[in-house]
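Listed here are the chains, written in short residue letters.
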Amino acid sequence: MNISPFFRNLRSAYQSEMDDLTFDSDGRDVLRQRLADKRKQIGFLVQMMELSPEMVAVVFHQGFAFREPALMEHLLSHDADEFPEWSSLSGGIDLAPWTRELVQVILQSPQGEWFLTLAAGLQYMAGKPDAAFGGQGASDASQDEDEEGESEDTDDYQDEFNTHEQDELRGDARTRAEAGAEWMSGQGFDRKD
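Residues numbered from 1 in each chain as written. Predicted model: local features only at pLDDT ≥ 70, side-chain atom pairs only at ≥ 80, totals over all residues. Heavy atoms only, no water.

With that settled, consider the overall build of the protein chain. Summing up its helical and strand segments, the protein chain has 10 helices and 2 strands in all. For the protein chain, the succession of helices and strands along the chain, N to C, is α-α-α-α-β-α-α-β-α-α-α-α. Burial status across the protein chain gives 37% buried among its 193 residues. Contacts spanning at least 24 positions in sequence make up 74% of the contacts within the protein chain whose residues lie at least 6 apart. Counting every atom, the protein chain has about 11300 Å² of accessible surface; 48% of that belongs to carbon and sulfur. (Helix = DSSP H or I, 4+ residues; strand = E, 2+ residues; numbered from the N terminus. Buried < 20%, exposed > 50% of the residue type's maximum accessible area, 1.4 Å probe, protein only. Contact = heavy atoms within 4.5 Å. Areas by Shrake-Rupley, 256 points an atom, 1.4 Å probe, with all protein chains shown as cover.)

Structure, rendered in structure tokens:
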């Protein structure tokens, strides 16, 4: 898969934004609540679509189902000023019912179609394992062939809540929280339970 530098960089920023939203300072998973809050603020967030699109695109987390992976992979090869029209992509994307109102608000903005195209690309990448993108910029032919074989197995699979990834993140957060609590206890502080 050939990913443009634009999408490579934005993918990293998007992942960081999702990480920031996922857990509170106590290590509790608060992603659903924070996403619901962000979705309520869409009228304000549209102002940020051009400057910080990754901060707005998270409102569509798990809101798109992709029926035409080849179309999405073609999109990912483009830079921001070369995007295909949203209308050429939207036929291959099933929108979750809760996204329809958000889409309508975004389409009222002059950059709305551009942003929806970008958000679809970010959502598509978020549903794929890191290995599908060949690490940091690798794109030799043999690796592309390997990735094509892997993507055939996973294209139709969209984990509704990315449970495996979330479980790993929760486990890491708990481990850190437990280690921190143990250290604080060793310093004479009471354990917080």
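Here the narrative resumes, following the displayed structure.
Right, let's talk about the pattern of salt bridges for a bit. Throughout the structure, instances matching the rule amount to 4 salt bridges. The residue Asp26 makes a salt bridge to Arg28 at a minimum N-O spacing of 3.3 Å. Measuring nitrogen to oxygen at the nearest pair gives 2.9 Å for the salt bridge that ties Arg67 to Asp94. Of the two residues, Arg67 is situated in the loop between β1 (64-66) and α5 (69-75) and Asp94 in strand β2 (residues 93-95); the sequence distance between them amounts to 27 residues. (Salt bridge = Lys/Arg side-chain N within 4 Å of Asp/Glu carboxyl O.)

Right, let's get into the side chain of Gln123. Its place among the elements puts Gln123 in helix α8 (residues 112-126). Ignoring sequence-local partners within four residues, the contact set of Gln123 consists of Tyr14, Ala57, Phe60, His61, Gln62, Phe64 and Phe66.

Here the phi dihedral of Gln62 falls at roughly 65°; this positive angle occurs in a residue that is not glycine. Mapped onto the elements, Gln62 comes out in the loop between α4 (53-57) and β1.

What follows deals with the side chain of Thr117. Tracing the chain through its elements places Thr117 in helix α8. Owing to a relative accessible area of 0%, Thr117 belongs among the buried residues under this scheme. Not counting residues up to four positions away in its chain, the partners in contact with Thr117 are Leu75, Phe83, Pro84, Glu85, Trp86 and Leu89.

What follows covers the nonpolar core. Ranked by size, the top nonpolar core spans 38 residues in total, and within it Phe7, Phe60, Met72, Ile93, Phe115 and Leu122 carry the most contacts. Among the elements that make up this core, the one with the highest residue count is α8 (9 residues). For Phe115, the residues in contact, after removing those within four places along its chain, are Met49, Pro53, Val56, Ala57, Phe60 and Ile106. (Core = buried A, V, L, I, M, F, W, Y, C linked by side-chain atoms within 4.5 Å.)

Before going further, it helps to spend a moment on the confidence of the model for the protein chain. A residue-level look at the protein chain finds 77% of positions with pLDDT of 70 or above and a mean pLDDT of 81. Considering only residues more than four positions removed or in separate chains, one finds that residues 136-164, a stretch of pLDDT under 50, has 27 contacts. (pLDDT = per-residue confidence, 0-100.)

Interaxial distance between helix α1 (residues 5-22) and helix α2 (residues 31-40) falls to 8 Å at its minimum, and their mutual angle equals 110°. On the basis of their axis angle, the class for α1 and α2 is roughly perpendicular. Note on element contacts: α2 touches α1 through Leu31, Arg34, Leu35 and Lys38, opposite Glu17, Met18, Asp20, Leu21 and Thr22. Here the contact of α1 with α2 is composed, by residue class, of 4 nonpolar, 1 polar and 4 charged. (Axes fitted to C-alpha atoms, helices over the stretch in contact; angles between N-to-C directions. Parallel < 35°, antiparallel > 145°, perpendicular 65-115°, else oblique. Nonpolar A, V, L, I, M, F, W, Y, C, P; charged D, E, K, R; others polar.)

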